[in-house]
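Given next are the chains, with one letter for each unit.
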Amino acid sequence: MDMQTAVALTRCTAYTEEEIRICLNRMFEDLGIPDTAFAGKRICVKPNLVMAKKPETGATTHPAVLSALAKLLLSRGAAEVVVTDSPGGPYTGASVGVV
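These numbers were taken from a predicted model, which means no experiment stands behind them. (Residues numbered from 1 in each chain as written. Predicted model: local features only at pLDDT ≥ 70, side-chain atom pairs only at ≥ 80, totals over all residues. Heavy atoms only, no water.)

Draft legend 1. Representation of the overall build of the protein. Helix and strand counts for the protein come out as three helices and two strands. Secondary structure elements of the protein, listed N to C terminal, follow the sequence α-β-α-β-α. Among the 99 residues that make up the protein, the fraction classed as buried is 25%. Taking the contacts inside the protein whose residues are at least 6 apart along the sequence as the reference set, 67% of them involve residues at least 24 apart. (Helix = DSSP H or I, 4+ residues; strand = E, 2+ residues; numbered from the N terminus. Buried < 20%, exposed > 50% of the residue type's maximum accessible area, 1.4 Å probe, protein only. Contact = heavy atoms within 4.5 Å.)

Draft legend 2. Here's a closer look at helix H2 (residues 63–75). With 13 residues, H2 extends 18 Å from end C-alpha to end C-alpha; this agrees with the ideal 18 Å at 1.5 Å per step. Listing the buried residues of H2 in full gives Ala64, Ala68, Leu69, Ala70, Leu72 and Leu73. The inward-facing, buried residues of H2 contact helix H1 (17–31), strand S1 (42–45) and strand S2 (80–83). Gly77, located one to two residues past H2, shows a positive phi value of around 100°. (Expected span 1.5 Å × (residues − 1).)

Draft legend 3. Broad picture of the packing of aromatic side chains. Applying the stated rule across the entire model yields one aromatic pair. With 5.7 Å between their ring centres and 40° between their planes, Phe28 and Phe38 make a pair best called tilted. With Phe28 in helix H1 and Phe38 in the loop between H1 and S1, the pair connects residues that are 10 residues apart, well separated along the chain. Across the pair, Phe38 and Phe28 agree in class, each one buried. (Phe/Tyr/Trp six-rings, centres within 6.5 Å; stacked < 30°, edge-to-face > 60°.)

Draft legend 4. Main features of the packing of H1 against H2. Their axes nearest at 9 Å, the elements H1 and H2 cross at an angle of 55°. Judged by the angle between their axes, H1 and H2 are oblique. Seen from above, H1 lies across H2 with right-handed handedness. For the pair H1 and H2, contact is made by Glu17, Ile20, Arg21, Leu24, Asn25 and Phe28 and by Ala64, Val65, Ser67, Ala68, Leu69, Lys71, Leu72 and Leu73, respectively. (Axes fitted to C-alpha atoms, helices over the stretch in contact; angles between N-to-C directions. Parallel < 35°, antiparallel > 145°, perpendicular 65-115°, else oblique. Left-handed = near helix turned anticlockwise from the far one by under 90°.)

Now the structure itself:
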């Protein structure tokens, strides 16, 4: 099967929600994703929450990225944004909450 996958990258100079929102908007534009693509939809976002590390280590998805993405999706009309992850290992709800 011949498939093409579009990927967008952009430099983000700071981990602030505003800077990340600008970068996300730029990548959505580069990928040709219209503002209405998420309208009325329930969107699932799967961050990387593999371990309890500070955001600055880069081991997990930075909270500012997750927050900016969820707010952007909602501002583009998403009915709901659900954040979910299932890191490998013997985790309980309480231990995942720490991550």
